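# A closer look at the structure
Chain by chain, the residues run as shown.
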Amino acid sequence: MFRLLLIIFLLAVSFYAKDIKDSEKVEVYSTSMNSKDNIIKAYGEVVVVYKNYHLSADKATYNKNTGVLELFDNVKANQSGKGGDSRLLGDYARLNIAKKERSFKPFYMTQEINDEELWVTGCESYAKDVDVEIKSGVLSGCNPVDPLWTMEFSSAEYNTDTMWLDLYNARIYIDDIPVFYTPYFGYSLNTKRRTGVLPPMIGLSSDEGLYYTQSLYIAESNWWDLEIIPQIRTSRGNGVYTTYRWVDSRVSKGSFTYGFFKEKDSYFEDEENDLANQEHRGFNLNYQNDDFINQWFGTNWNGQSGIYLDIDDMNDVEYINLSSNNLVDTATATQVYSRANLFYNDDNNYYGSYFKYYKDLELENNDKTIQNLPSLHYHRYLGTQFDDHFLYNLNLKTNNFYRQEGKNAIQTNLNIPLALQTSLFDEYLNISFTENLYGQHTTFSGDMKDNEATNEELYEDGHYLNNSHSITVSSQLTKVYDNITHVIDVGSQYTAAGTENRNGYYDTQKDYCSDPLNRTEDICEFYNVSEVEDSIESYFSQYIYDASGKQIVYHRLAQSFSLEDTDREFGELENELEYKVTDSIFYYNNMFYNFYEVGFSKNFNRISYRNDKYDFGLSHMYQDNFIVSDTRYTNYMTSSLMYKYNKHYTYKFIFNYDLELNEQKSIEAGFVYSKKCWDFGIKYVENNRPTLDENGASSRSDKFIYFTIALKPIIRSQNSSGFVYKLPE
């Protein structure tokens, strides 16, 4: 072996073509070589190095005069590029160094994409500079021997710089069965964002007809992109949704979405559909900047500033329902919530301003809906004095509650806790005394049209002031065992009411609005205070950790006792438990028990099991507000199961049910068959979604069958193309 390497080294020849620059140098290495009339012939283990190409063949000839290099038999080429290495195979290759032309016959190329390999083969190829033309070929990401899927094409163009591949007259075959044809298909062989068309989604429905949508993705710069998603529902109507996304600096980013859909006259006028609007439109603006003060105003403040915008508007809920044909992943609600938050904070202070706007799609207009425009907030962070024995902070917040029809209010809350704390008995016992100062002030404006005669009497400007005292005694103990560590935290707090002062609205509505049964009445919507009672609140918490420090058990019990209300002396008992039964089984419970109603006001349970094959979750929420009304109870169950049968088959089942309304909310059942080079899935979906008809809010149950396919690596699982069929109601 050493002798062979020595011979190769001694016969290695480097040369230049006539009048070719140094960057065009061609290096040829072989075990045997001869030269005649400026034509060099090489035999046996020929290796050629040219730019970023490394070629090998059984024999080669090079013409110094023309700059033509030809390779014969068992030709292999490796090319290093921006997107990684690619490999070429063929029986014959021709490189014209002077004209920068290359050709292979036949042509075979492999390219690695996200740890997966794609191969392209053709009758022959011709390349000049960075452009490659391929005649009559096949593309696939599967094993070349009996591939599961292939894409045949009449011709193709490939740019080695941008790594963009264009196919013409493309036909997709699944196991030699033709399933799809397109006159053009373009795809990038690297992961860089670029302009193009994303995989389509096709559907069929008995009432909406043929459904087709396909995204046009525009990414002409690395800081923004635009996605335009037109959709066609042949029996229902047409629409388009578009999203513009941008990252304009290292601390800021945003997106803007606008959508529009128009119903056909025949579909809108059909009484069975009973739609409130023929046109559905809406938008969403989302923006975040984590240092807007310094960026916008050229300052150099040391504190942190931020702005967050999430603004939504739509004329009805159908705007959301039509935004996607995958209703399982689309959150649909009849309440629209928009907000804008600004803040600045430093080591000691926090300043915030919040704008909140609510829109109820069930109402004809929102003139009577209370908006919070704006809310101003100041918070003084925790300060200490006297070796951390004295603690204090301050919280001040002003809310402007506004609506076009009805009473408006400007309400200010002030809270100042002052605490003294110390430890006794070598820190086994912690004691603290807290004096809490609280105040709320409200000024009113506007009129309640139904009670104009009593406006001034019922809504008189006023304030509410109080102070309270509390003593807290607690202890935290830790015990280390061989395999676990046990931590106990136990404590009790005694609170005593101090002085109280109130006038105006807080005085006239005290008796009526203090009753929980009246809290939902209009007159009490601004009564946001509660009297401080002499009480005791005790708690017990414990934690168990394993030898590695991972939490096994978290358990908390809390109970309050009223020292004033002898009829309802006991508050609700709270129990919270989080238990890691094994490495795969987890259980969580949170419940509140009311002794006087002899029932749970809240009981939430969740159990989950997770390992390499199973992912199971079951949860149940029960609530009772003990007020006789249509919304007294909440009784809801959610469940999910995912089973990985083997490396190819994964099954999934989801079931959500409203036990109180005796109504199925959603169900999903399906499977995905996954191979190295493709995924195929089928799932059945039922979804009960809200709608808005001429009579107000309503709901509709949709049933779908989804077929999805991902031809890896050109179509990923998360962007899979597919077909959906909507079943008749």
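A quick note: this is a predicted structure, and the numbers were derived from the prediction, not measured. (Residues numbered from 1 in each chain as written. Predicted model: local features only at pLDDT ≥ 70, side-chain atom pairs only at ≥ 80, totals over all residues. Heavy atoms only, no water.)

### What to know about the overall build of the protein chain
Heads up, the rule is: Here a helix means four or more residues in a row that DSSP labels H or I, a strand means two or more in a row labelled E, and each is numbered from the N terminus. It is over C-alpha atoms that the radius of gyration is taken, and the globule rule equals 2.2 Å times the number of residues to the power 0.38. Under the scheme applied here, a residue whose accessible area is under 20% of the maximum for its type counts as buried, over 50% as exposed, and between as partly exposed, the area being computed with a 1.4 Å probe on protein chains only. Residue contacts are counted whenever heavy atoms from the two residues lie within 4.5 Å of one another. Working convention for charge: Lys and Arg count positive, Asp and Glu count negative, and His plus the chain ends are omitted. To locate a charge, take NZ of a lysine, CZ of an arginine, CG of an aspartate or CD of a glutamate.
Along the backbone of the protein chain there are 7 helices and 43 strands. For 729 residues, the compact-globule formula gives about 27 Å, and the C-alpha radius of gyration of the protein chain, at 36 Å, lies well above that figure. Taken along the three principal axes of its C-alpha coordinates, the protein chain extends 115 × 75 × 55 Å. A buried classification covers 38% of the 729 residues belonging to the protein chain. Considering only contacts in the protein chain between residues 6 or more positions apart, those separated by 24 or more positions represent 44%. Once the 66 positive and 106 negative side-chain charges of the protein chain are each reduced to a mean point, those two points are 14 Å apart.

### What to know about the state of the cysteines
Worth spelling out the cut-off: Any pair of cysteine sulfurs within 2.5 Å is marked as a disulfide.
Enumeration according to the criterion identifies 2 disulfides in this entry. One disulfide in the model links C142 with C677; its S-S distance is 1.9 Å. Of note, the bridge from C142 to C677 carries an S-S torsion of about 85° and is right-handed in sense. One end of the pair, C142, is in the loop between β11 (131-140) and β12 (149-159); the other, C677, is in the loop between β40 (663-674) and β41 (678-693), and 535 residues separate them in sequence. According to the relative accessible area criterion, C677 is buried, its value standing at 5%. Between the sulfur atoms of C513 and its disulfide partner C524 the distance amounts to 2.1 Å. Of note, the bridge from C513 to C524 carries an S-S torsion of about -85° and is left-handed in sense. With a gap of 11 residues between them, C513 in helix α7 (residues 510-513) and C524 in the loop between α7 and β32 (535-546) connect regions that are remote in the sequence. You can call C513 buried: its relative accessible area is 0%. Each bonded cysteine of the protein chain gets a number by its place in the sequence, and the pairs then read 1-4, 2-3.

### Re the side chain of S619
Among the structural elements, S619 can be located in strand β37 (residues 614-624). Judged by relative accessible area, which is 13%, S619 ranks as buried.

### Section: the environment of Y319
The test is simple: Two N or O atoms form a polar contact when they lie within 3.5 Å of each other; inside protein one atom must be a possible hydrogen donor and the other a possible acceptor, and for residues adjacent in sequence the pair counts only when both atoms belong to side chains.
Inspection of the secondary structure puts Y319 in helix α4 (residues 318-321). Judged by relative accessible area, which is 8%, Y319 ranks as buried. Taking C-alpha positions, Y319 is 9.8 Å from Y241, a pair spaced 78 residues apart along the chain. Excluding its chain neighbours within four sequence positions, the residues that come into contact with Y319 are Y241, T257, Y258, G259, H280, R281, G282, F283 and M314. One polar contact links the side chain of Y319 to the main-chain carbonyl oxygen of G282, over a distance of 3.3 Å.

### Notes on the pairing of strand β27 (residues 390-402)
Heads up, the rule is: For two strands to be treated as a pair, DSSP must find at least two bridges joining them.
Of the pairings in the sheet, the one linking strand β26 (residues 371-385) to β27 comprises 11 bridges and is antiparallel in character. Considered in β27, the bridge of G383 is made with Y392. What sits between the antiparallel neighbours β26 and β27 is a turn of 4 residues, in which F386 has the positive phi angle 55°. Connecting β27 to the next strand, strand β28 (residues 408-424), in antiparallel fashion are 5 residues, including G406 with a positive phi near 120°.

### Things to note about the packing of aromatic side chains
How we decide: Any Phe, Tyr or Trp ring, taking Trp's six-membered ring, that has another such ring centre within 6.5 Å forms a pair; planes under 30 degrees apart are called stacked, those over 60 apart edge-to-face, and the others tilted.
The tally for this structure, following the rule as stated, stands at 43 aromatic pairs. A ring pair is formed by F72 and Y92, whose centres lie 5.5 Å apart and whose planes are at 50°; its orientation type is tilted. Here F72 is found in strand β6 (residues 68-81), whereas its partner Y92 is found in strand β7 (residues 84-96), with 20 residues between them in sequence. A centroid spacing of 6.1 Å and a plane angle of 45° characterise the contact between Y506 and Y527, whose relative ring orientation is tilted. Pair noted here: Y506 is in helix α6 (residues 505-508) and Y527 is in the loop between α7 and β32, with a separation of 21 residues, a long-range link. Each of the two residues, Y506 as well as Y527, counts as buried.

### Observations regarding the pattern of salt bridges
Under the convention used in this document: When a carboxyl oxygen of Asp or Glu lies within 4 Å of a side-chain nitrogen of Lys or Arg, that pair is called a salt bridge.
Overall, the coordinates contain 21 salt bridges when judged by the stated rule. Ionic pairing is found between E70 and R94, a salt bridge with its closest N-O pair at 3.7 Å. Separated by 24 residues along the polypeptide, E70 in strand β6 and R94 in strand β7 bring together distant segments of the chain. Across the salt bridge formed by R502 and E531, the nearest N and O atoms sit 3.7 Å from each other. Within this pair, whereas R502 is found in strand β31 (residues 484-502), its partner E531 is found in the loop between α7 and β32, the two being separated by 29 residues in sequence. Counted as one network, the salt bridges with shared partners bring together E208, R233, R236, E263 and E318.

### So, the environment of L394
Positionally, L394 belongs in strand β27. Expressed as a C-alpha distance, the spacing of L394 and Y381, which sit 13 residues apart in the sequence, is 7.2 Å. When near neighbours in sequence (up to four residues on either side) are disregarded, L394 contacts Y378, H379, R380, L414, N415 and I416.

### Some details on the nonpolar core
Rules: We define the nonpolar core as a collection of buried residues of types Ala, Val, Leu, Ile, Met, Phe, Trp, Tyr and Cys that are connected through side-chain atoms lying within 4.5 Å of one another.
Within the largest apolar cluster, 49 residues are counted, with the highest numbers of intra-cluster contacts made by L71, L139, W149 and I714. When residues no more than four places from it in sequence are discounted, the contact partners of W149 are L139, S140, G141, C142, Y173, I174, C677, W678, L711, K712 and I714. A409, Y459, I523 and Y527 belong to the second largest nonpolar core, which has 13 residues in total.

### A word on unusual backbone geometry
Of all residues except glycine, most have a negative phi; of all peptide bonds, most are trans. Residue P374 follows L373 across a cis peptide bond; omega there is -10°. Checked against the element boundaries, P374 lands in strand β26. Positive phi, normally seen in glycine, also occurs at D129, with a value near 55°. As for its position among the elements, D129 is in the loop between β10 (116-128) and β11. One non-glycine residue, F386, adopts positive backbone phi at about 55°. Note that F386 resides in the loop between β26 and β27. Under the relative-accessibility criterion, F386 is labelled exposed at 64%.

That is the geometry; function is a separate question.
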